[in-house]
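Read off the chains here:
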Amino acid sequence: SNCRRMEEKVWSQSDIYPILSEKYVLISLYVDDNVKKLPEAEQFDFQYASGRIKTIETIGQKWGTFQTINFNAASQPYYVLVSPELEVLNHTIQYTDRDTYKNWLETGLEEFNEVSKK
């Protein structure tokens, strides 16, 4: 998958891995895991603005719906830089080359430093 290719070919690079491991808290949402069921107490029906109801029973359904609702996207991989206060720090990005990804990470850090000064 493109997610694994990014991890193997981009994240592992000697100038990218330290940024990810030292400057960010990495959180992965598994939107494609439609096998592992959520505990029954965490399952629910979600109603879209259109009125359509979707039963959320698996981890993938939960996080896939979260991505769709919050970012209007369903692609994988899909990267978002968010501050501890939940502010989006840079545009979202998908599968890309190492230089673009590195620049994206660095720009997010610059934005975080600006936001932190306020």
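Everything discussed here concerns the structure shown above.
None of these values were measured; they are calculated from a predicted model.

K.L.:
Outline the side chain of Thr-58, supporting the account with residue identities and numerical values.
P.N.:
Here Thr-58 lies in the loop between β2 (53-56) and α3 (59-71). The buried category is assigned to Thr-58, whose relative accessible area is 4%. Those residues in contact with Thr-58 that sit more than four places away from it in its chain are Asp-33, Asn-34, Lys-36, Lys-37 and Leu-38.

K.L.:
An account of the environment of Phe-46 is requested, with residue identities and associated values reported.
P.N.:
Following the sequence through the fold, Phe-46 ends up in strand β1 (residues 44-47). A relative accessible area of 23% places Phe-46 in the partly exposed class. Placed 54 residues apart in sequence, Phe-46 and Thr-100 show a C-alpha to C-alpha distance of 36 Å. Not counting the four nearest positions on each side in its chain, Phe-46 is found in contact with Arg-52, Ile-53, Lys-54, Ile-56, Thr-65 and Ile-69.

K.L.:
Could you give an account of the packing of aromatic side chains, with specific residues and numbers?
P.N.:
Tallied over the full model, the rule gives seven aromatic pairs. Taking 5.0 Å as the distance between ring centres and 85° as the angle between the ring planes, the aromatic pair formed by Phe-46 and Tyr-48 counts as edge-to-face. Given a relative accessible area of 14%, Tyr-48 falls into the buried group. Ring plane angle 55° and centroid distance 6.3 Å describe the contact between Tyr-79 and Trp-104, whose orientation is recorded as tilted. Here the residue Tyr-79 occupies a position in the loop between α3 and α4 (98-117), and Trp-104 occupies one in helix α4, the gap between them amounting to 25 residues. Here the two residues Tyr-79 and Trp-104 agree in accessibility, since each one is buried. Here the aromatic cluster, defined as three or more aromatic residues joined through ring pairs, consists of Trp-11, Tyr-79, Tyr-101 and Trp-104.

Cut-offs used in this document
- Residues numbered from 1 in each chain as written.
- Predicted model: local features only at pLDDT ≥ 70, side-chain atom pairs only at ≥ 80, totals over all residues.
- Heavy atoms only, no water.
- Helix = DSSP H or I, 4+ residues; strand = E, 2+ residues; numbered from the N terminus.
- Buried < 20%, exposed > 50% of the residue type's maximum accessible area, 1.4 Å probe, protein only.
- Contact = heavy atoms within 4.5 Å.
- Phe/Tyr/Trp six-rings, centres within 6.5 Å; stacked < 30°, edge-to-face > 60°.

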